[in-house]
Amino acid sequence: MNRRAPLMLQIVTGDPRPIIRQIADGIKRLVAGGDLQPGDALPSVRGLAQQLSVNPNTVAKAYAELTAEGWLLSRAGLGLYVAEQRQRLSDPERERRLDEAVDRFVGDVIGLDYPSDTILDRVADELSHYATKKTA
C-alpha cells in the first residue's frame, strides 16, 4: 500500500532560484536520495502550499514540471505519486544538461579562490550521500 510521505522541504527566501525551482529541486533530491520511494504519495497541492506558506499555483506548477519530466505520476482522482525510476532523458539531453550545470557551477565557485581539489572533494562528498541512499 502506498504511504503518504511527508515532504521535508524548505523554501529559502535568500535563494536566487524561484520558489518553483526550489520545490522541484527539493523533490528531486528526496527521490534521488531515497527518502521518497516509487509509489509514495505526495501531499496535495493545497497541503504542500500550506506547509511551505506559498501560493498553491506555485506548487501546482512545480508538480506539473516534475510530472512532465517523469519524476511524478498523476493518478486521476487519487493524487500524485513518485514514479518508478528510469532514465528520463535521452543521452544527448543528459549530456547537454550536465554541461550547463557544470558551466553554472564553475561560474559560481571560480571566484571563491578554493583549490580545485577542495572543490572536487566537496562535490564528491555531497554526491556520496545520494549514492549511499540509492543502493541501501
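The structure we're discussing is the one just above.
A separate point is the nonpolar core. Counting 21 residues, the largest nonpolar core has Leu-7, Ile-23, Ile-27 and Tyr-63 as the members making the most contacts within it. Going through the elements one at a time, helix H1 (19-32), helix H2 (45-52), helix H3 (56-68) and strand E2 (79-82) are the ones with two or more residues in this core. Of all the elements, H1 adds the most residues to this core, at five residues.

Every other side chain in a regular strand lies on the same face of the sheet, so the side chains alternate between the two faces. Two elements, strand E1 (residues 72-75) and E2, share four bridges in a ladder whose sense is antiparallel. When the bridges of E2 are listed, Ser-74 appears paired with Leu-80. What sits between E1 and E2 in their antiparallel hairpin is a turn of three residues, with Gly-77 showing a positive phi close to 75°.

Attention now moves to unusual backbone geometry. In this structure, Ser-53 takes a positive phi of about 55° despite not being glycine. Turning to its location among the elements, Ser-53 is positioned in the loop between H2 and H3. In this structure Ser-53 comes out as exposed when scored by relative accessible area, which is 68%. Although it is not a glycine, Asp-113 sits at a positive phi angle of roughly 60°. Of note, Asp-113 is situated in the loop between helix H4 (91-109) and helix H5 (116-135). Residue classification places Asp-113 among the exposed positions, given a relative accessible area of 70%.

With that settled, consider H3. One turn of an α-helix holds 3.6 residues; hence residues three or four places apart share an orientation. A rise of 1.5 Å per residue sets the reference length of H3, with its 13 residues, at 18 Å; its end C-alpha atoms lie 18 Å apart and thus fit the reference within 8%. Here H3 has its buried residues at Thr-58, Val-59, Ala-62, Tyr-63 and Leu-66. Looking down the long axis of H3, one finds its buried residues gathered within 130° of arc, a one-sided arrangement. Residues of H3 that are exposed and point over 90 degrees away from its buried face: Asn-57, Lys-61 and Ala-68. In the core, the buried residues of H3 are packed alongside H1, H2, E1 and E2. Looking one or two residues past H3, Gly-70 carries a phi angle of roughly 90°, positive in sign.

What follows covers the pattern of salt bridges. Within the structure shown, the criterion is met by 10 salt bridges. Among the salt bridges present, the one from Arg-21 reaches Glu-65, with a minimum N-O distance of 2.3 Å. On the criterion of sequence distance, the pair formed by Arg-21 in helix H1 and Glu-65 in helix H3 is long-range, its members being 44 residues apart. The partly exposed category is assigned to Glu-65, whose relative accessible area is 21%. Note that Asp-91 and Arg-94 form a salt bridge whose closest N and O atoms lie 3.2 Å from each other. With Asp-91 and Arg-94 both in helix H4 and three residues apart, this pair spans about one turn of that helix.

The angle between the axes and the distance between the axes are what describe a pair of packed helices. In contact at an axis separation of 9 Å, H1 and H3 are set at 50° when each is read in the N-to-C sense. Taken together, the axes of H1 and H3 lie oblique to each other. Our pair here, H1 against H3, has a crossing hand that is right-handed. Only Thr-58, Val-59, Lys-61, Ala-62, Tyr-63, Glu-65 and Leu-66 of H3 make contact with H1, whose side of the interface consists of Ile-19, Ile-20, Arg-21, Ile-23, Ala-24, Ile-27 and Lys-28. A per-class count over the contact of H1 with H3 returns nine nonpolar, one polar and four charged.

Rules of the game
- Residues numbered from 1 in each chain as written.
- Predicted model: local features only at pLDDT ≥ 70, side-chain atom pairs only at ≥ 80, totals over all residues.
- Heavy atoms only, no water.
- Core = buried A, V, L, I, M, F, W, Y, C linked by side-chain atoms within 4.5 Å.
- Buried < 20%, exposed > 50% of the residue type's maximum accessible area, 1.4 Å probe, protein only.
- Helix = DSSP H or I, 4+ residues; strand = E, 2+ residues; numbered from the N terminus.
- Pairing = 2+ DSSP bridges.
- Expected span 1.5 Å × (residues − 1).
- Arc of directions from axis to C-beta.
- Contact = heavy atoms within 4.5 Å.
- Salt bridge = Lys/Arg side-chain N within 4 Å of Asp/Glu carboxyl O.
- Axes fitted to C-alpha atoms, helices over the stretch in contact; angles between N-to-C directions.
- Parallel < 35°, antiparallel > 145°, perpendicular 65-115°, else oblique.
- Left-handed = near helix turned anticlockwise from the far one by under 90°.
- Nonpolar A, V, L, I, M, F, W, Y, C, P; charged D, E, K, R; others polar.

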